[in-house]
Amino acid sequence: MAAWLWDDLVVDEEKFNEAAQQMEDLKKRTNALKEKLSGMYDELASAMDTPAGKEIQLEAKNVLLKPVENMSLVVGHISDTLNLIIGSGYYKDVFTGFEELSHLF
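Here is a short report on the structure shown in this document. This structure is a prediction, so every number in the text was calculated from the model and none was measured.

1. Brief notes about the overall build of the protein
- When its secondary structure is counted, the protein shows 4 helices and 0 strands.
- Listing each helix as α and each strand as β along the protein from the N terminus yields α-α-α-α.
- In the protein, which comprises 105 residues, the share counted as buried stands at 19%.
- The long-range fraction of contacts in the protein, counting pairs at least 24 apart against all pairs at least 6 apart in sequence, stands at 76%.

2. Digging into the nonpolar core
- Counting 5 residues, the largest nonpolar core consists of A20, M23, V75, L82 and I86.
- Contributing elements (two or more residues each) for this core: α2 (13-45) and α3 (51-88).
- For this core, the element with the highest residue contribution is α3, accounting for 3 residues.
- Aside from chain neighbours lying at most four places away, what touches L82 is F16, A19, A20 and M23.

3. Examining a nonpolar patch on the surface
- Nonpolar side chains collect at one region of the surface, where L33, L37 and M40 lie side by side and expose about 250 Å² of accessible area between them.
- Examined against the element boundaries, M40 turns out to sit in helix α2.
- On the basis of relative accessible area, M40 is assigned to the partly exposed category, the value being 47%.

4. A closer look at the environment of F16
- You can see F16 is positioned in helix α2.
- A relative accessible area of 22% places F16 in the partly exposed class.
- For the pair formed by F16 and I86, sequence separation is 70 residues and the distance between their alpha carbons is 6.8 Å.

5. Some details on the pattern of salt bridges
- Within the structure shown, the criterion is met by 3 salt bridges.
- Close ionic contact of E69 with K34 constitutes a salt bridge, the shortest N to O distance being 3.7 Å. Taken together, the positions of E69 in helix α3 and K34 in helix α2 put the pair 35 residues apart, joining distant regions of the chain.
- Judged by its relative accessible area of 29%, E69 is partly exposed.
- Between E69 and K66 there is a salt bridge, and its shortest N-O distance comes to 3.9 Å. Of this pair, E69 and K66 both sit in helix α3, separated by 3 residues, roughly a single helical turn.

6. Some remarks on the side chain of T30
- Relative to the assigned elements, T30 resides in helix α2.
- Ignoring any residue separated from it by four or fewer positions in sequence, one finds T30 in contact with V68, M71 and S72.

7. Points about the environment of G76
- Mapped onto the elements, G76 comes out in helix α3.
- On the basis of relative accessibility, which here comes to 7%, the residue G76 falls in the buried class.

Rules used in this analysis
Residues numbered from 1 in each chain as written. Predicted model: local features only at pLDDT ≥ 70, side-chain atom pairs only at ≥ 80, totals over all residues. Heavy atoms only, no water. Helix = DSSP H or I, 4+ residues; strand = E, 2+ residues; numbered from the N terminus. Buried < 20%, exposed > 50% of the residue type's maximum accessible area, 1.4 Å probe, protein only. Contact = heavy atoms within 4.5 Å. Core = buried A, V, L, I, M, F, W, Y, C linked by side-chain atoms within 4.5 Å. Patch = residues over 30% accessible without salt bridge, like charges linked within 9 Å, V, L, I, M, F, W, Y side chains within 5 Å. Areas by Shrake-Rupley, 256 points an atom, 1.4 Å probe, with all protein chains shown as cover. Salt bridge = Lys/Arg side-chain N within 4 Å of Asp/Glu carboxyl O.

This is the structure:
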């Protein structure tokens, strides 16, 4: 087993906690951005107050806001996964197993 590999494997639970909190904060900011963009779009769209304009408004709003919604879902999933990993000690178990295996060689 290469010595350099052993030295590079470090689990820092504080960093996991920090990352989880930052992801949760990012999710909140992303949702706030979505709400702000939605409100701004509604204000802008009111200038197109015609039947054809209404259809354009609905489709354009979906196209503009969907990427922000998707980003919020991804960030939320990452945040939830980090919290799950932190709570279960998953990485500690992986590295404990690695340490046990490395002693066999």
